[in-house]
Amino acid sequence: MTLSAQEVALDGRLAGVTATLDTGAITAICGPNGAGKSTLLSVLAGLLMPDSGTVELDGMALASLHPRARAKRMGYLPQEPVIAWDVAVRRLVALGRLPHRDRGDVQIDAAMKALDLTEFAGHPVSRLSGGERARVLLARVLSGEPDWILADEPLAALDLGHRLGLLRHLRREADKGRGVVLVLHDLSLAMNHADRVLVLDEGRLAADGPAADALAAKVIERVWSVSTRWIGDPGARALVSG
Amino acid sequence: MNRAGWIFLGLLFVALPLSLLAGRVWIDPATTPNAAVILAELRLPRALLAVTVGAGLGAAGAAMQGYLRNPLADPGLFGIAPGAALGAVASFWFGPILGIWAASVWLLPAFALVGAAGAMGLLALIAGRTGGIALFTLAGMMIASLAGALTSLAISFAPNAFAMSEIVTWLMGALTDRSWREVCLAAPLTLAGIACFWIVRRDLDALILGDAAARSLGMRPEILQAWLIAGVGFTVGSGVAVAGILGFVGLIVPHLVRPLTDRKPSSLIVPSALAGALLVLVADSIVRILPTVTELRLGIALSLVGAPFFLWLLLRMRRGSAGQLA
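Conventions and cut-offs
- Residues numbered from 1 in each chain as written.
- Chains lettered and ligands numbered in written order.
- Predicted model: local features only at pLDDT ≥ 70, side-chain atom pairs only at ≥ 80, totals over all residues.
- Heavy atoms only, no water.
- Helix = DSSP H or I, 4+ residues; strand = E, 2+ residues; numbered from the N terminus.
- Rg over C-alpha atoms; globule rule 2.2 N^0.38 Å.
- Buried < 20%, exposed > 50% of the residue type's maximum accessible area, 1.4 Å probe, protein only.
- Contact = heavy atoms within 4.5 Å.
- Areas by Shrake-Rupley, 256 points an atom, 1.4 Å probe, with all protein chains shown as cover.
- Core = buried A, V, L, I, M, F, W, Y, C linked by side-chain atoms within 4.5 Å.
- Phe/Tyr/Trp six-rings, centres within 6.5 Å; stacked < 30°, edge-to-face > 60°.
- Patch = residues over 30% accessible without salt bridge, like charges linked within 9 Å, V, L, I, M, F, W, Y side chains within 5 Å.
- Salt bridge = Lys/Arg side-chain N within 4 Å of Asp/Glu carboxyl O.
- Expected span 1.5 Å × (residues − 1).
- Axes fitted to C-alpha atoms, helices over the stretch in contact; angles between N-to-C directions.
- Parallel < 35°, antiparallel > 145°, perpendicular 65-115°, else oblique.
- Nonpolar A, V, L, I, M, F, W, Y, C, P; charged D, E, K, R; others polar.
- Pairing = 2+ DSSP bridges.
- Buried area = accessible area lost by both parts, 1.4 Å probe.
- Left-handed = near helix turned anticlockwise from the far one by under 90°.

S.K.: Provide a residue-level description of the overall build of chain A, including the pertinent values.
M.R.: The secondary structure content of chain A amounts to 9 helices and 12 strands. Against the compact-globule benchmark of 18 Å for 242 residues, chain A has a radius of gyration of 18 Å, which places it among compact chains. Considered along the principal axes of its C-alpha atoms, chain A spans approximately 50 × 40 × 30 Å. The buried share among the 242 residues of chain A stands at 52%. Restricting the contact set of chain A to residue pairs at least 6 apart, pairs at least 24 apart contribute 64%. Roughly 10,200 Å² of accessible area belongs to chain A as shown, and the carbon and sulfur atoms make up 49% of that amount.

S.K.: Lay out the nonpolar core in plain terms, naming residues and giving numbers.
M.R.: Generally speaking, soluble globular proteins have nonpolar side chains that are buried together. Membership of the largest hydrophobic core comes to 139 residues, with the highest contact counts inside it found for Leu92(A), Val197(A), Tyr67(B) and Phe136(B). The element that contributes the greatest number of residues to this core is helix 2 (residues 35–68) of chain B, accounting for 14 residues. Look past the residues within four positions of Val197(A) in its chain and what remains in contact with it is Ala28(A), Cys30(A), Ala190(A), Ala207(A), Asp208(A), Gly209(A), Ala211(A), Ala214(A) and Leu215(A). By size, the runner-up hydrophobic cluster in this structure holds 28 residues, among which are Leu40(A), Leu62(A), Trp148(A) and Leu200(A).

S.K.: For the packing of aromatic side chains, give the residues involved together with the corresponding values.
M.R.: Residue and element names in this part refer to chain B. In this structure the tally under the stated criterion is 2 aromatic pairs over all chains. Taking 5.3 Å as the distance between ring centres and 85° as the angle between the ring planes, the aromatic pair formed by tyrosine 67 and phenylalanine 136 counts as edge-to-face. One end of the pair, tyrosine 67, is in helix 2; the other, phenylalanine 136, is in helix 5 (residues 133–156), and 69 residues separate them in sequence. Residue classification places tyrosine 67 among the buried positions, given a relative accessible area of 2%. Classification of phenylalanine 136 by relative accessible area gives buried; the value is 2%. Taking the centre distance of 5.4 Å and the plane angle of 45° together, the rings of phenylalanine 309 and tryptophan 312 count as tilted. Residue phenylalanine 309 and its partner tryptophan 312 are located together in helix 13 (residues 298–319), separated by 3 residues, close to a single helical turn.

S.K.: Pulling in residues and values, what's your account of a nonpolar patch on the surface?
M.R.: Residues and elements named next belong to chain B. A contiguous nonpolar surface patch, about 970 Å² in accessible area, is contributed by Trp93, Phe94, Leu122, Leu125, Ile126, Leu135, Met142, Leu146, Leu150, Leu153 and Phe157. If you list the elements that add at least two residues to the nonpolar patch, you get helix 3 (80–97), helix 4 (107–127) and helix 5. The element contributing the most residues to the nonpolar patch is helix 5, with 5 residues. Its location among the elements puts tryptophan 93 in helix 3.

S.K.: Break down helix 12 (residues 265–289) of chain B for me, citing the residues and quoting the values.
M.R.: Its 25 residues give helix 12 of chain B an end-to-end C-alpha distance of 35 Å, which sits within 8% of 36 Å, the value for a rise of 1.5 Å per residue. Helix 12 of chain B sits mainly inside the fold: 20 of its 25 residues count as buried.

S.K.: Give a detailed account of the environment of Thr23(A), specifying residues and quantitative values.
M.R.: Its place among the elements puts Thr23(A) in the loop between strand 2 (14–22) and strand 3 (26–30). Once residues within four sequence positions are removed from consideration, Thr23(A) is found in contact with Met1(A), Asp147(A), Trp148(A), Gly177(A), Arg178(A) and Gly179(A).

S.K.: Explain the packing of helix 2 of chain B against helix 5 of chain B to me, using residue names and the numbers behind them.
M.R.: Residue and element names in this part refer to chain B. The interhelical angle for the contact between helix 2 and helix 5, taken along N-to-C directions, is 135°, at an axis separation of 10 Å. It follows from the interaxial angle that helix 2 and helix 5 lie oblique. Here Met64, Tyr67 and Leu68 of helix 2 lie close against helix 5, whose contacting residues are Ile133, Phe136 and Thr137. Of the residues assigned to the contact of helix 2 with helix 5, the class counts are 5 nonpolar, 1 polar and no charged.

S.K.: Please provide a residue-by-residue account of the sheet that holds strand 10 (residues 204–209) of chain A, values included.
M.R.: Residues and elements named next belong to chain A. Across the sheet, which stays open at both edges, the 6 strands sit in the order 6-7-8-3-9-10 with mixed pairing between neighbours. Two strands lie at the open edges of the sheet, namely strand 6 (74–77) and strand 10, each paired on one side alone. Within this sheet the neighbouring strands show an average axis-to-axis angle of 15°, counted without direction. For strand 9 (residues 196–201) and strand 10, the ladder comprises 5 bridges, and the chain directions are antiparallel. Across the sheet, residue leucine 200 finds its bridge partner in strand 10, namely leucine 205. Taken strand by strand, helix 5 (residues 130–143) contacts strand 6 and strand 7 (148–152), and its axis lies near 165° from that of strand 6. Strands strand 3, strand 7 and strand 8 (179–183) of the sheet are contacted by helix 6 (residues 160–175), whose axis makes an angle of about 145° with strand 8.

S.K.: Summarise the interface of chain A and chain B; cite the residues concerned and give the values.
M.R.: On the side of chain B, 26 residues touch chain A, which itself brings 25 residues to the contact. For the pair chain A and chain B, the summed buried surface comes to about 2,300 Å²; carbon and sulfur atoms form 65% of the total. A per-residue breakdown of the area chain A buries against chain B is headed by Trp85(A), Leu95(A) and Leu98(A), which together make up 31% of the total. Here chain A is connected to chain B by 1 salt bridge.

S.K.: I'd like a description of the sheet that holds strand 1 (residues 2–10) of chain A, backed by residues and values.
M.R.: Residues and elements named next belong to chain A. The sheet built from 4 strands is open, its strands ordered 2-1-4-5 with antiparallel pairing. Looking at strand neighbours, the two that pair on one side only are strand 2 and strand 5 (60–61), the edges of this open sheet. Here strand 4 (residues 52–57) runs beside strand 5; their pairing, made up of 2 bridges, is antiparallel. Of the residues in strand 5, the one forming a bridge with glutamate 56 is alanine 61.

S.K.: Lay out helix 11 (residues 249–257) of chain B in plain terms, naming residues and giving numbers.
M.R.: Burial analysis of helix 11 of chain B places 8 of its 9 residues in the buried class, the great majority of the element. Buried residues along helix 11 of chain B sit against helix 1 (3–21), helix 2, helix 12 and helix 13 of chain B.

S.K.: How would you summarise the packing of helix 11 of chain B against helix 13 of chain B if you had to cite specific residues and measurements?
M.R.: All names here are of chain B. Running from N to C, helix 11 and helix 13 cross one another at 55°; their axes reach a closest spacing of 10 Å. What the angle tells us is that helix 11 and helix 13 run oblique. Judged by the sense of rotation from one axis to the other, the crossing of helix 11 with helix 13 is left-handed. Across the interface between the two elements, Val249, Leu251, Ile252 and His255 of helix 11 pack against Leu302, Gly306, Phe309, Phe310 and Leu313 of helix 13. Looking at the contact of helix 11 with helix 13 residue by residue, the classes come out as 7 nonpolar, 2 polar and no charged.

In structure tokens form, the structure reads like this:
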């Protein structure tokens with residue numbers, strides 16, 4: 001299954017981005033502030049309509065899908081973890097079934113189990129820690145069984161342990177055949193955990209490929225104007241200045 | 001129906017017969033002369049009107065708090081109640097001009113409904129295209145403010161002191177001297193309004209996760225907003241048309257209901273309708289029983305209870321976040 005953007009442009013924030021993404025992999029979208037990362041993710045999720053260009057899901061224009069049909073296939077996790085009312089954890093996870101209009105007990109239980117949330121089922125979300133809430137919100141996406149998981153900075157508010165835990169869950173979903181697309185600020189996380197990296201700069205694609213190539217020191221210098229180098233072994237690399 | 005719904009339905013079944021008997025003069029069906037006529041022609045329509053108006057206000061409050069994700073939201077804030085009130089006040093002015101219609105009992109409700117429809121139309125025109133919540137709220141407040149100013153203008157230019165007193169008294173809201181006519185007018189519109197809220201219940205649930213996540217779950221903002229405007233228009237508009245302005249019901253009721261539910265907006269709509277019906281029915285029975293020289297206006301009584309409740313709510317909000325409120 002593929003999700004592709006063809007010459008997508010939007011209001012000066014994106015200026016002709018073309019990329020075809022595949023399921024079964026983690027794709028990271030990186031770039032400096034204001035590069036258009038979140039905008040590209042919203043366009044790929046079908047939440048923003050591009051001024052020009054198209055987004056296609058398995059060769060079909062995303063815009064032509066009914067919002068509910070699209071929602072069944074695209075799971076979107078926004079940057080701000082909004083939870084307006086203090087509902088119980090299981091009720092919140094169950095919101096992922098809204099596009100399906102069924103109870104979806106099996107899927108909800110599976111999503112809660114996958115993210116180790118079963119014991120919290122009846123807890124109000126206000127009683128959870130930030131890391132637990134992040135897992136609940138991801139479980140909400142998983143309960144809808146989407147083909148694609150698109151998450152905007154899902155790791156930003158988490159400590160190291162929760163970051164690695166959430167990335168492990170996302171890797172498992174990619175291994176199951178889902179497409180995982182993440183906006184990431186932390187280049188080390190992208191380097192160590194993404195199969196493919198899209199680097200955006202001022203709304204244009206500055207690099208696209210395996211993490212080691214797309215985040216090479218010379219790309220970082222060109223896009224971020226910072227001189228850096230990678231140290232460590234593949235899978236456990238760290239970015240240092242100079 | 002959920003647990004809260006059954007609880008309030010049960011209470012309503014208890015309160016309804018009691019309210020029929022309650023009043024300055026308590027009715028004993030066995031001994032009171034003409035009890036059947038009094039019950040059928042005076043008490044029953046008044047009680048059913050209280051149930052109808054309360055149900056509409058309660059459901060509208062639950063829907064609007066869910067939509068705006070704000071426990072302080074009240075359907076009265078969005079211009080439709082003031083629009084209906086403006087329409088009603090206009091009927092005092094235009095009645096004499098319209099001649100034959102002047103004596104019609106339908107004149108005031110008809111004008112109020114036109115006022116509500118005008119406010120709904122204006123709200124849809126300004127906010128409907130984008131479906132944005134901020135624009136919707138601001139447009140509603142603007143319409144409320146404009147309608148309020150025009151109502152004050154109409155009152156200040158009242159042709160005589162009697163007309164002015166009539167207008168001001170009517171605006172206070174009451175169910176005195178209402179008949180089956182008002183029930184027949186308000187009940188179908190209120191039911192239609194509650195149905196509008198029920199149709200979009202899943203979209204209101206999706207909004208728990210915020211606007212972007214809700215859209216990703218298939219919620220279409222402009223369609224949700226259109227149903228809500230229609231729902232508030234039907235419930236609040238018809239309520240004002242038959243009973244004047246009854247404040248705070250839409251604000252208070254969802255807070256009474258929420259702790260008894262799973263707190264999802266969809267779980268609140270029907271129980272809030274039933275709880276709103278119960279609140280207005282009980283309040284109206286109490287104002288009938290109170291030993292005041294003239295009957296205390298229902299709108300004033302509800303505001304006297306509602307204002308301290310609002311203050312209590314604000315104090316609770318200061319202690320915790322909005323999302324953790326009842």
